[in-house]
Amino acid sequence: MVYTNPKVFEKTPCGIQLGPASANPMWSRMEEIYTIPTVAFAIEDSRARDYVQLLFALRCRCLGAIDGIYATFVYYAFRMLEKEWRFLVENLRNAAIKQDLELPEDTREELLSHLVPDPVRADELELEFEKGFVGIAQRIWPELRFINCITSGAFGMYARKLNAHYTQGVLLYSVCMVATETGFVGTNLWPTKDPQQYILIPQLHFYEFLPVELKDNAKVKTVFMDQVCVGHEYELIVTTACGFYRYRLGDVVRVIGLYNEIPIVQFRYRLGQCLNISGEKVTELALFDCLIEALHSRSPSQFERLVDYTSCESGMLKALDFKKGTEKTTPHHVLFVELEPCDSNPQENQATWAAQLSCTYDALMRQKRCWYSDLRMTNVLGETVIYPVKKGGFSRLREHMFQKFNVSLSQLKLPRVMKNPDLLEIIIKEITTYD
């Protein structure tokens, strides 16, 4: 599943095409290794593009790999499969494409020319789908060996949900570490290791490492590849042959070992993506780990129902004149969490589970982060508040971001710590208890 969006490409005055590598039109020239025809790469509507990719992938019983870029895309593709499988099966049976998809007529006709009725495959798929969607990937594609997607950082939640449900038994493999500005940074020689780890590629760039605990000290010098310490965390600084000089990527990595004297690193988090009211510096990774543990400790089913989340500092809510729940004068962290409706308890009180989850999360954070605990004990920092988000709230936020920023889906990353007031205002309106 390769995602490209022709809208995101521009041309320089001399005609050179500019755009993100992950949406590179070169994918359209590699039709022989993908299940979809070339014309599908030019589909602009995201829903239509995802549906078409699923339709053509389902035709192929011997599918060996999925190229999903980020775990997010793979997860939402399987979500769409679960929702739309009846239409997909009928389309395969009759060599048709769902009529309500936003497809140009010439594109639809070209796609239809690649389809032939396949009632045998349709019946086979229908039988598997009716059994449920736990482990569905390997049941409908017995030859599926791995899914190429990034599973670190903000994508970790989706990787866990995939492993627990749709893709049980299938390897999630992040082939390389990349950055928008520099392209390839590292490659993964250890597919089965979790979390993913990468060896840096010295032939591509010149790397420097800034000790993360000293990154704000102007007098601190960077260290080179042969000077890093295993177990330490660094901000990665890159000089490229294409013109970036000592560029600060904003990525924090941990050096976990050496391979032929070259550092092996794990991605930890993005600088700036942390909650820091009074020096507590809760990173997006710490926030994610604590939220997942809090959900699991309350009930494993709550983690399975987790759709998405983000956070902010309480001061941003006050700046937007948001009143509900901000009567507390002590600054505090705020989380916005969307859970799937509970089938066993359709009348579940949203405010109640959010308040209970807030208490569990706050207690865990105090156990794990000593500075957070100290600030809570001295009442410098208040208890974390969690707001429940309406069903589909994060999907609507993503759609807004996609339309506003005019980016490839592969570049669209939901911030785990909100700094943008416009985006925060949108998610505030999605709070279940919002008036």
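Treat the numbers as computed from the prediction; the structure is a model and nothing was measured. (Residues numbered from 1 in each chain as written. Predicted model: local features only at pLDDT ≥ 70, side-chain atom pairs only at ≥ 80, totals over all residues. Heavy atoms only, no water.)

1. Description of unusual backbone geometry
Moving on, step 1. For the bond running from Asp194 to Pro195, omega is 5 degrees, close enough to zero to count as cis.
Moving on, step 2. Along the chain, Pro195 falls in the loop between strand S7 (183–187) and strand S8 (198–200).
Moving on, step 3. Positioned with a positive phi, Glu261 is a non-glycine residue whose angle comes to about 70 degrees. (Helix = DSSP H or I, 4+ residues; strand = E, 2+ residues; numbered from the N terminus.)

2. Some thoughts on the nonpolar core
Moving on, step 1. By size, the foremost hydrophobic cluster in this structure holds 81 residues, and its most contacted members are Leu58, Phe78, Leu81, Phe129, Trp141, Val337 and Tyr361.
Moving on, step 2. Of the residues forming this core, the biggest block, eleven residues, is contributed by helix H2 (residues 71–94).
Moving on, step 3. Each residue touching Trp141, except ones within four places of it in the same chain, is listed here: Ala57, Leu58, Cys60, Arg61, Leu63, Ile66, Phe78 and Arg121. (Core = buried A, V, L, I, M, F, W, Y, C linked by side-chain atoms within 4.5 Å. Buried < 20%, exposed > 50% of the residue type's maximum accessible area, 1.4 Å probe, protein only. Contact = heavy atoms within 4.5 Å.)

3. Quick word on the sheet that holds strand S4 (residues 146–150)
Moving on, step 1. An order of S3-S4-S5 is seen for the three strands of this open sheet, with the pairing classed as parallel. If you trace the sheet from one side to the other, it starts and ends with strand S3 (65–70) and strand S5 (171–173), each paired once. Adjacent strand axes in the sheet meet at a mean angle of 25 degrees when their direction is disregarded.
Moving on, step 2. Taken together, the five bridges between S3 and S4 define a ladder with parallel strand orientation. Within S4, the position partnered with Tyr70 by the bridge is Ile150.
Moving on, step 3. Sitting on the sheet, H2 touches S3 and S4, and the angle it makes with S3 is about 120 degrees. (Pairing = 2+ DSSP bridges. Axes fitted to C-alpha atoms, helices over the stretch in contact; angles between N-to-C directions.)

4. Topic: the side chain of Lys161
Moving on, step 1. Relative to the elements of secondary structure, Lys161 occurs in helix H6 (residues 156–164).
Moving on, step 2. Among buried charged residues, Lys161 stands out as having no salt bridge; its nearest opposite-charge side chain is Glu340, 6.9 Å away. (Lys, Arg positive; Asp, Glu negative; His and termini not counted. Salt bridge = Lys/Arg side-chain N within 4 Å of Asp/Glu carboxyl O.)

5. Considering the environment of Lys429
Moving on, step 1. With respect to the helices and strands, the residue Lys429 is situated in the segment after helix H13 (421–428).
Moving on, step 2. On the basis of relative accessibility, which here comes to 46%, the residue Lys429 falls in the partly exposed class.
Moving on, step 3. Considering only alpha carbons, one finds Lys429 and Gly393, 36 residues apart in sequence, at a separation of 8.8 Å.

6. Section: the pattern of salt bridges
Moving on, step 1. On inspection of all chains with the given rule, the structure shows 24 salt bridges.
Moving on, step 2. With a closest N to O distance of 3.5 Å, Arg93 and Glu126 form a salt bridge. Pair noted here: Arg93 is in helix H2 and Glu126 is in helix H4 (residues 119–130), with a separation of 33 residues, a long-range link.
Moving on, step 3. Among the residues examined, Glu126 registers a relative accessible area of 26% and is labelled partly exposed.
Moving on, step 4. Residues Arg254 and Glu233 are paired through a salt bridge, measuring 2.8 Å at the closest nitrogen-oxygen approach. Of this pair, Arg254 sits in strand S11 (residues 247–259) while Glu233 sits in strand S10 (residues 233–240), placing them 21 residues apart in sequence.

7. Brief notes about the sheet that holds strand S15 (residues 306–313)
Moving on, step 1. With mixed pairing, the three strands of this open sheet are ordered in space as S15-S16-S17. At either margin of the open sheet sits one strand with a lone partner, and together these are S15 and strand S17 (385–388). Here the average twist between neighbouring strands, direction ignored, is 20 degrees.
Moving on, step 2. By the bridge criterion, four bridges tie strand S16 (residues 333–339) to S17 in an arrangement that is parallel. Within S17, the residue paired with Val334 across the bridge is Val385.

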